[in-house]
Amino acid sequence: MGNTTIRMSQVVGVYGPGAMIDLPERSVIVGSLDRWNMAGVDAFRPIDEPRLARLLQQRLAGDPRLAGDAPPTFRTPPIDPNDVRASRPPSIDAPLFPEWFVCETIDGDKLGRRRLVRFSDLEPQKRKEYIGEDRKKRKVSPVRFVAGCTKGHLQDIDWRWILHRGQPCREAMWLVDSSASADPRDTQIVCDCEKSLTLAELFQPHRLGNCTGERPWIGDRDPVTCDAPKGLRLLTRSATNTYFPQVATVISLPQAVDELTRRIEQHLSSLRTAQNAAWISIARVANPAIGAALEGYDDEDVFARLQTILASSASGDDAKDPRLAEFELFSCGRALIGENAPSALLHAETLDRAIWDPADALELESIGSLVAVHRLREVSCLYGFTRLEPAAMANDELEDVGLAVEGAPLAARPTWLPAIEQFGEGFFLTFKPEALRDWLLGDGLLSRAYELEAGIATWERIRRDGGLSLDRRSLGERIRPEYVMAHSLSHALMTQVALDCGYPASSLKERIYVPPVPASGEPHAGILIYTASAGMQGTLGGLVEVTRRFHHILANALERLRLCSGDPVCADHEPGKADEDRALHGAACHGCLLIAETSCEARNLHLDRALLVDTVRTDGAGIFEAPF
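For the structure given in this document, a descriptive report is provided here. If you're wondering where the values come from, they're calculated on a predicted model, not measured in any experiment.

**Overview of the packing of aromatic side chains**
The relative placement of two aromatic rings is captured by the distance of their centres and the angle of their planes.
Thought 1: For the coordinates displayed, the defined rule picks out ten aromatic pairs.
Thought 2: Between the aromatic rings of F327 and Y513, the centroid separation amounts to 6.1 Å while the plane-to-plane angle is 35 degrees, which identifies the pairing as tilted. With a gap of 186 residues between them, F327 in helix 9 (residues 322–330) and Y513 in strand 24 (residues 508–513) connect regions that are remote in the sequence. The residues F327 and Y513 share a single accessibility class, namely buried.
Thought 3: Pairing F428 with Y513 gives two aromatic rings, centres 5.8 Å apart and planes at 75 degrees, and the pair type is edge-to-face. With a gap of 85 residues between them, F428 in strand 23 (residues 416–431) and Y513 in strand 24 connect regions that are remote in the sequence.
Thought 4: Overall, the relative accessible area of 0% leaves F428 in the buried class.
Thought 5: The exposure class of Y513 is buried, given its relative accessible area of 2%.
Thought 6: A cation sits over an aromatic face here: R127 above F119, 5.5 Å from the ring centre.
Thought 7: For R323, the ring lying beneath its charged end belongs to Y513, and the centroid distance is 5.8 Å.

**Quick look at helix 12 (residues 443–465)**
Thought 1: Given a rise of 1.5 Å per residue, 23 residues ought to cover 33 Å, and the 34 Å separating the end C-alpha atoms of helix 12 matches this to within 8%.
Thought 2: For helix 12, the full list of buried residues reads L445, R448, L452, G455, I456, T458, W459, E460, I462 and R463.

**Here we look at helix 13 (residues 481–501)**
Count 3.6 residues to each turn of an α-helix, and residues three or four apart come out pointing the same way.
Thought 1: Helix length check: helix 13 (21 residues) gives 30 Å between terminal C-alpha atoms against 30 Å at 1.5 Å per residue, within 8%.
Thought 2: The element helix 13 is extensively covered by neighbouring structure, given that 16 of its 21 residues are classed as buried.
Thought 3: Immediately beyond the C-terminal end of helix 13, within one or two residues, lies G502, with a positive phi of roughly 100 degrees.

**A few points about the environment of F203**
Thought 1: You can see F203 is positioned in the loop between strand 15 (196–198) and strand 16 (214–215).
Thought 2: Assessed through its relative accessible area of 52%, F203 is described here as exposed.
Thought 3: Placed 85 residues apart in sequence, F203 and P288 show a C-alpha to C-alpha distance of 68 Å.
Thought 4: Residue contacts for F203: discarding those within four places in its chain leaves P184 and L234.

**Quick word on the sheet that holds strand 15**
Thought 1: Strand order across the open sheet formed by seven strands is 9-10-7-8-13-14-15, with antiparallel pairing between neighbours. The sheet is open, and its two borders are formed by strand 9 (129–131) and strand 15, each paired with just one other strand. Pairs of neighbouring strands in the sheet enclose a mean axial angle of 35 degrees, with direction left out of account.

**Remarks on the pattern of salt bridges**
Working definition: two side chains of opposite charge can pair if their charged atoms are close together.
Thought 1: Evaluation of the coordinates by the stated rule reveals 39 salt bridges.
Thought 2: The partner of D227 in a salt bridge is K151, with the nearest N and O atoms 3.5 Å apart. Here D227, found in the loop between strand 17 (220–221) and strand 18 (233–236), pairs with K151, found in the loop between strand 11 (145–148) and strand 12 (154–155); they are 76 residues apart in sequence, far enough to count as distant.
Thought 3: Overall, D227 belongs to the exposed group, its relative accessible area being 55%.
Thought 4: A relative accessible area of 24% places K151 in the partly exposed class.
Thought 5: What you see here is one network of salt bridges that share partners, running through R45, E49, R51, E326, R377, E421 and R511.

About the criteria used
- Residues numbered from 1 in each chain as written.
- Predicted model: local features only at pLDDT ≥ 70, side-chain atom pairs only at ≥ 80, totals over all residues.
- Heavy atoms only, no water.
- Phe/Tyr/Trp six-rings, centres within 6.5 Å; stacked < 30°, edge-to-face > 60°.
- Helix = DSSP H or I, 4+ residues; strand = E, 2+ residues; numbered from the N terminus.
- Buried < 20%, exposed > 50% of the residue type's maximum accessible area, 1.4 Å probe, protein only.
- Lys NZ or Arg CZ within 6 Å of the ring centre and 35° of its normal.
- Expected span 1.5 Å × (residues − 1).
- Contact = heavy atoms within 4.5 Å.
- Pairing = 2+ DSSP bridges.
- Axes fitted to C-alpha atoms, helices over the stretch in contact; angles between N-to-C directions.
- Salt bridge = Lys/Arg side-chain N within 4 Å of Asp/Glu carboxyl O.

Now the structure itself:
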């Protein structure tokens, strides 16, 4: 079989270990990390990201997705050397899967009736054709259906056993399509012994049998007995529910910030009772070890970082939430954030309000600050996956970066994980806490929030009736009105920015920050819109320049949302009466808020333009319509 090349970002994502890939004449499954050929000089690059390594170590302790007690190391997928002379270049083995094939029809065959054969039945030399009893050659293609479970296990369907329930039979089996529709009731598995069943029957619970824990990407059987509640279930190879990658992403902080966090953690038991920055100054003198550890750091910076560390572990979980640190840094208000150097991981500046709001525009009344991010590094790491449905997230205050509760491992005992780093630029904005507070207490928002809540209840009921386990706890912070509002604004800005700065919309990404409400009771929210690409050179600076025209960008974005091309249908959408995932958004469609799913962190869900501006149906729920 020839070599197939895919991008690194695809390996750390939809084509990670355990994912199926369609090739022209075969279907394969991406091999586990143990099957990656990483030998040789420059076969891969190590990636250093201490915050992400600590998070994974602490959250995945005792989990099969990470072996051992040490933090994982990160490596890029194998790097193609583009050297035709290399005898065994860096690569990823991808075993054949599935091993059942269907024959293509030729002249004289019955229309819609195709022979089911095993890989071992194919013509021996190239294994691309089947020679039937009539001695005619027929090309073959992999069967479209396999069996999997919610624990990530995957296996071929034993069609002969399914059809005959264990009774011996060696007659030919056929896949028969009685119509051109994709309705499973119109597709049958038929045996020459006259036994048959429809694909619709295979959707019945436990019809495919119990899951035996097969892991073809690793090449073994899970040593832990599978307890998937519905056993094996029918999967279509090319369907999106065959592979839900679990990817953790962080924005790298300046090295000095990470170093300060490490030093504070060494003396956390002594520093955790600090009430203010002055207390830090006293602690330096009273405890020489603390004084030496914090030398060179300002008391205010130490106290701010201490508060972030304590807030992220308030739930009793020692793993630090990366977004808390990112939000605290981007919203700190310093003129210079990070370092203005070519090798810096982060370089940003908080812009003076006179730069981006010279005329005290009404649209900007609720915006608290704007930060031009000249340079950033994004590190993404694949640590597991699920099938059929995404796993619920860890029970944290800031759910969005909590790691998934369970998932399938990438190798038998993984000690390192695949990751990529990308460099880019963007801008970050915050909302005024008092503006958020007044908006959340407004009558218009409360009425709209009640409608969105009805949608969440409908979504839960639909999933419960379908036998799925996810409930609102898996949605975490995304059900909060602050998140839906910030997420909707992010999409509107990305669309407008793409029109203004020239970057394609699919190259933009978002990161929504809605930290837990502190004891003071003031809510906070922030948005980071950025673009990133592989290579130290980063991107072209177009997003940073947007900050100089931010008032016009925002005004135009909001104006586009007031009337959608899908109105009144879009504005009249009622979440409580919708089906499936459509129950999780309000007024949002492809004409206004939906964007490329690769740019969205929430699968184009949790959106509602009514939380931004008035629509033809709503009045007073939008934050930019509220009087301040």
